[in-house]
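Chain by chain, the residues run as shown.
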Amino acid sequence: MNTIIEPFRIKSVEPIYFNNKEERIAILKKAFYNPFLIHSNDVLIDLLTDSGTSAMSSNQWAGIMQGDESYAGSPSFFRFEETIQQLTGLPFVIPTHQGRASEKILFSILGGKGKYIVSNTLFDTTRANIDFSGAEGVDLICEEGKYPTIPAPFKGNMDTGLFEKFIAEKGAANISACIITVTNNSGGGQPVSMANIREIKNICVEFNIPLFIDACRFAENSYFIKLREEGYADKSVTEIAKELFSYADGCTMSAKKDAFANIGGFLAMHNEQLAKECRNLLIMTEGFPTYGGLAGRDLEAIAIGLREVLDEHYLQYRIRSIEYLTNKLIDVGVPVMQPAGGHAVYIDAKAFLNHIPVDQYPGQALVGALYVEGGIRSVEIGSLMFGKYDEDGKLIPSQMELVRLAIPRRVYTQSHIDYVAEVIIEVFNKRNEIKGLKIIEEASTLRHFTAKLETIN
Ligand SMILES: *Cc1c(COP(=O)(O)O)cnc(C)c1O
């Protein structure tokens, strides 16, 4: 087969500012070994996140010029609304400034003390908003989703047996929603199968539990279904996405992911009464219902992005670029999560740096080494992010020590990705020289964003 090429040409470019290793050693030290504290101009290849970092198309930029900034009843809103209604089949569409604003509104209404929200795996902002409402979020990921290096086609699936058991234990009346994250971001960007969604839907119908989809990466998930699930090879990704949404009572979305927008999100649902309650909160926190927290131009960019993301040449290139990098690393024995997910490559830092104990943050140490070696910015998903302390102040480590390399949409070319692989392999070859880290300053919650660290000699 021929090389799968980037399905776009480049009309507008942004410079990459080069620096050398000496400079990067100093920059990293000054940033206290925390990639969030590095200025982005000091980064060569920025794989910190795929959120809000997409390149917009010339069509989206043209749409931006057509944005109508009327406070109420803007035609930009109606184009946004119609696109989402057609895609999801959900009649009530509520714009928000990003995904977590949708979550905040939804769980302020569905959450509350004594309630449970079940999921395959809740994303961290989703869990935080559920917790904040007083409700409890529960992850019921399937067994195969728990082992990073053992491949399986749908590691994002929910364990439906556990779901039924949970309902029997807690009572359906106390479970105010089930929310399925597609693809499963916190679980390595792994997809959920249509069969699993259908099974979950049947259980939800039987017990009268509303089913929501956290749809941030609905197009990537739909493409995986086309590739991997029996009976879907000949269906278009648009048809698959529509079927996926057809099982949902509602969805939350961050347009910073699969809508190629730099900001934005929405909530959509079938239930009119719930939509009314959501809109009342929206007016208080985000804005009037025909703009939410967004400018008219953002609504245009999102509407166009939602159609563009279903282009199968784009999705083929997208999924292939993640797989391409993953396979290059597997070939030389770098331990990575398998199979490749939809939006990022995950390195198993515990295996990569097996001489660094977990209380010296091997993930963060690897993040620093990748920056110094090649100016690549990545993020630790391990004990710096999720670690807690016991009563004696001893670290309770996270289950896994991962380093995530999230690939922004339509931003980097194959030579950038080749460069990333070369740098990782270079670091792998001299991994024994990498030293552990200790925290010298930290916040009590979400500490990874602001923590300051230093190397242990
Ligand atoms: C990014 C993300 C969110 C939150 O969206 P924001 O736009 O960042 O607020 C929620 N769920 C998942 C799965 C995400 O990836």
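Residues numbered from 1 in each chain as written. Predicted model: local features only at pLDDT ≥ 70, side-chain atom pairs only at ≥ 80, totals over all residues. Heavy atoms only, no water.

In the annotation of an unreviewed UniProt entry, the protein is listed under the name Tryptophanase and assigned to Ginsengibacter hankyongi. What UniProt records for the protein under Sequence similarities (unreviewed entry) is the sentence "Belongs to the beta-eliminating lyase family." Its UniProt record gives the protein a comment under Cofactor (unreviewed entry), which states: "pyridoxal 5'-phosphate". (UniProt positions renumbered as here; feature names shortened; annotations may be inferred.)

Asks: When you look at the packing of aromatic side chains in this model, what are you seeing that I'm missing?
Replies: By convention here, two paired aromatic rings are described through the distance between centres and the angle between planes. The tally for this structure, following the rule as stated, stands at 12 aromatic pairs. A ring pair is formed by Tyr71 and Tyr291, whose centres lie 5.0 Å apart and whose planes are at 70°; its orientation type is edge-to-face. Remark: Tyr291 occurs in the loop between helix H10 (272–285) and helix H11 (296–308) and Tyr71 occurs in the loop between helix H2 (58–66) and helix H3 (75–88); sequence separation between them is 220 residues. On the basis of relative accessible area, Tyr71 is assigned to the exposed category, the value being 54%. Put simply, the rings of Phe8, Phe260, Tyr314 and Tyr317 touch in pairs and so form one group of aromatic residues. Lys257 extends its terminal NZ or CZ atom over the ring of Phe123, reaching a point 5.5 Å from the ring centre. The positively charged end of Arg431 is found above the aromatic ring belonging to Phe428, 3.9 Å away from the centroid. (Phe/Tyr/Trp six-rings, centres within 6.5 Å; stacked < 30°, edge-to-face > 60°. Helix = DSSP H or I, 4+ residues; strand = E, 2+ residues; numbered from the N terminus. Buried < 20%, exposed > 50% of the residue type's maximum accessible area, 1.4 Å probe, protein only. Lys NZ or Arg CZ within 6 Å of the ring centre and 35° of its normal.)

Asks: Looking at this model, I keep getting lost on the environment of Leu274. Mind explaining?
Replies: Note that Leu274 resides in helix H10. Judged by its relative accessible area of 11%, Leu274 falls in the buried class. Expressed as a C-alpha distance, the spacing of Leu274 and Arg377, which sit 103 residues apart in the sequence, is 41 Å.

Asks: Just to check I follow, could you spell out the site of the ligand for this structure?
Replies: Inspection of the region around the ligand gives 14 residues, with Arg100, Asp214, Arg217, Ser254 and Lys257 positioned closest. A distance of 2.7 Å separates an oxygen atom of the ligand from a polar side-chain atom of Arg100. Protein burial of the ligand: of its 380 Å² of free accessible surface, 98% is covered by the chains. Among the elements that take part in the shell around the ligand, helix H4 (residues 99–110) stands out by supplying 3 residues, more than any other. When grouped by side-chain class, the residues that make up the shell around the ligand number 2 nonpolar, 6 polar and 6 charged. (Near = heavy atom within 4 Å. Polar contact = N/O pair within 3.5 Å; in protein donor to acceptor, adjacent residues only side chain to side chain. Areas by Shrake-Rupley, 256 points an atom, 1.4 Å probe, with all protein chains shown as cover. Nonpolar A, V, L, I, M, F, W, Y, C, P; charged D, E, K, R; others polar.)

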